[in-house]
Amino acid sequence: MSDPSNKPVTEVEDIKARSAHLRGTLAESLADPVTGSIAPDDTQISKFHGIYQQDDRETRVERTKQKLEPDYSFMIRARVPAGICTPAQWLALQQIAADHSNGELRLTTRQAVQLHGVLKGDLRTTMRRINDALLDTFAACGDVNRNVGCTPLAENAEVHRRASRWAARISEHLTPRTRAYHEIWLAGSPLPGNEPEHEPIYGATYLPRKFKIALAIPPLNDVDVFAQDLGFIAVERFGKLIGFNVAVGGGMGMSHGEPATYPRLADVIGFCSPAASVAVAEAVVKIQRDFGDRTDRKHARLKYTIDDRGLDWFVDELGRRGVHLRAAVPVDFEQTGDRFGWSEDSDGLWHATLYVPGGRVVDNEKTRLQTGLSAIARILKGEFRITPNQNLIISRIEDTQKEEIQRLITEHGLDLWRDAAPVRRNALACVALPTCGLAMAEAERYLPQFIGKVEELLARHGLSEQDLLVRITGCPNGCARPYLADVGLVGKAPGRYNLMLGGGAVGARLNQGYRENLSEERIVDELDRLLADFVGNRDSGEPFSDYLHRAGILESQPHG
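Each value, and the rule that gives it
Residues numbered from 1 in each chain as written. Predicted model: local features only at pLDDT ≥ 70, side-chain atom pairs only at ≥ 80, totals over all residues. Heavy atoms only, no water. Helix = DSSP H or I, 4+ residues; strand = E, 2+ residues; numbered from the N terminus. Expected span 1.5 Å × (residues − 1). Buried < 20%, exposed > 50% of the residue type's maximum accessible area, 1.4 Å probe, protein only. Arc of directions from axis to C-beta. Contact = heavy atoms within 4.5 Å. 1 Å grid on protein atoms, 1.4 Å probe; cavity = no way out; pocket = protein on both sides within 12 Å on 5 of 7 lines; lining within 4 Å. Points joined across faces, edges and corners; volume = space filled by probe spheres on them. Nonpolar A, V, L, I, M, F, W, Y, C, P; charged D, E, K, R; others polar.

A. Quick look at helix α13 (residues 399-411). For α13, built from 13 residues, the straight-helix expectation of 18 Å at 1.5 Å per residue is met to within 8% by its first-to-last C-alpha distance of 19 Å. Within the span of α13, buried status applies to Q401, I405, Q406, L408 and I409. What you see down the axis of α13 is that its buried residues fit within an arc of 160 degrees, all on one side. Pointing more than 90 degrees away from the buried face of α13 are the exposed residues T400 and E403. Residues of α13 that are buried sit in contact with β11 (341-344), β12 (350-354), α12 (369-379) and β15 (392-397). Of the residues one or two after α13, G413 is the one with positive phi, at around 70 degrees.

B. Inspection of unusual backbone geometry at higher detail. Cis rather than trans, the peptide bond between P218 and P219 has omega equal to 10 degrees. In this fold, P219 is placed in the loop between β7 (213-216) and β8 (230-237). In this chain, L433 is followed by P434 through a cis amide linkage whose omega measures 10 degrees. Relative to the helices and strands, P434 is located in the loop between β16 (428-429) and α15 (447-460). Phi at L134 takes a positive value of approximately 65 degrees, unusual for a residue other than glycine. Inspection of the secondary structure puts L134 in the loop between α6 (123-132) and β6 (149-150). Exposure remark for L134: the relative accessible area of 74% places this residue in the exposed category. Backbone geometry places R481, a non-glycine residue, at a positive phi of 55 degrees. Mapped onto the fold, R481 is located in the loop between β17 (470-473) and β18 (487-493).

C. Structural context of the layout of surface pockets. Taken as a whole, the second largest pocket spans an internal volume of roughly 880 Å³. Along the wall of the second largest pocket there are 42 residues; nearest its centre are P357, G358, R360, E444 and P448. For the lining of the second largest pocket, the secondary-structure elements that each account for two or more residues are β1 (51-55), β2 (72-78), β5 (113-118), α14 (422-425) and α15. With 3 residues, the single largest contributor to the lining of the second largest pocket is α15. When the residues that make up the lining of the second largest pocket are grouped by side-chain class, the tally is 16 nonpolar, 13 polar and 13 charged.

Here it is in structure tokens:
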């Protein structure tokens, strides 16, 4: 068991403690005309406000030679609880991106929206315009609960409606209470006489690390609920939402060469009613606030708190805080990915799930996503839903609008899913280079090239329609959840990756390290050999990852 009691807290803990409830010196940094950056401490505090300072790593050396500071800009992440936004909000975000960023919207795996390339001088205006659209960026990043995800498309519309509402309520309840966001970005007034603020859930220094929550609606596990710090799994009876199974302790992040860090799947610990979900979320967050490791940020997620102290201790601690769960209810998951094209829900409304490569909403030679979605938003009576796989659903389409929406989809080339093989449609990658400071290798920019190689392999072995889940990250932090994929590439160095194999088809089994520090050529050779073996020896209907375990190629784990 970890005992951090005699260790000093991390530097970030000190920064939070002296930040005056997330104000820091952000106002002064924004007013400094000399630099395009903000003060070092403020780069930590700005994350709580949904902002990351970045620079183009590919221009650093040349700019240094020219005696110029790095090419600084900022990423802004707007929270979209349950991934649902109105057509008016969508149009506002697209216009904000056109006016103040690189012109793109990026859909994230947490069902949020990111703007990249915002300059410091545009930050306040951008934040105010996001607020005017009835959205915000507060707590989209930082050591707090982040955007709360939810399965975006369930055939039972009533279950989805109730689950997404609970996701929004949990999100609102866990939003920090400090007025710093309003003061700095929205010209709000400080408290009279600098009266100290009270954070009833987070306390003075918030959480030791980030915290993630998602709600899954079986049989879909598109949110990867077992990868979350806290997961709520909807339980349905006779078409009604009766409650949630509660899962705790998931997390994907790890560090190369440090076996004390590892990805972990959440454990299901019980069942709660829908009305109790907010109280459950608050209690779990408070336990992590009180017992999470503040001396080592690599050991600061809830998964380590649970592993250090034990799952029984955690359940007992919930009980001491007045949260008593009933026995979990058996549920089954069938898939993790998105279902593309048209589907009808129990309300008789239609939904069109669009494939958005890399989550980038752009116009290019293949598709006019920006233009087409703007045209749809101007007439849509329903809503947009962002998926946990970086795609977009045009939702709640009435019969009278379906034909017109389809015409706009076809006219603007938005039906990319029709020509994309399953392996391409379902692949994920993090942003990585050139802007992520943690990236060791390419991910998003490399994904199309690598998927092309995989498509060639699958075609060679007669497996073009095989559901093979591929995910790539530029570092081991796991933002694209590579440790749940059939084939996961985790960046080790420029052009080199660790090859992970054997994740479960429903997101309930971690994959395993198969080979380390491989070039693309070696990765392709390994996959070629394994796919040939799979074709020659699989059982009828057996998934690739299950075969790898059954055949003893990987250490056996329960099928997922």
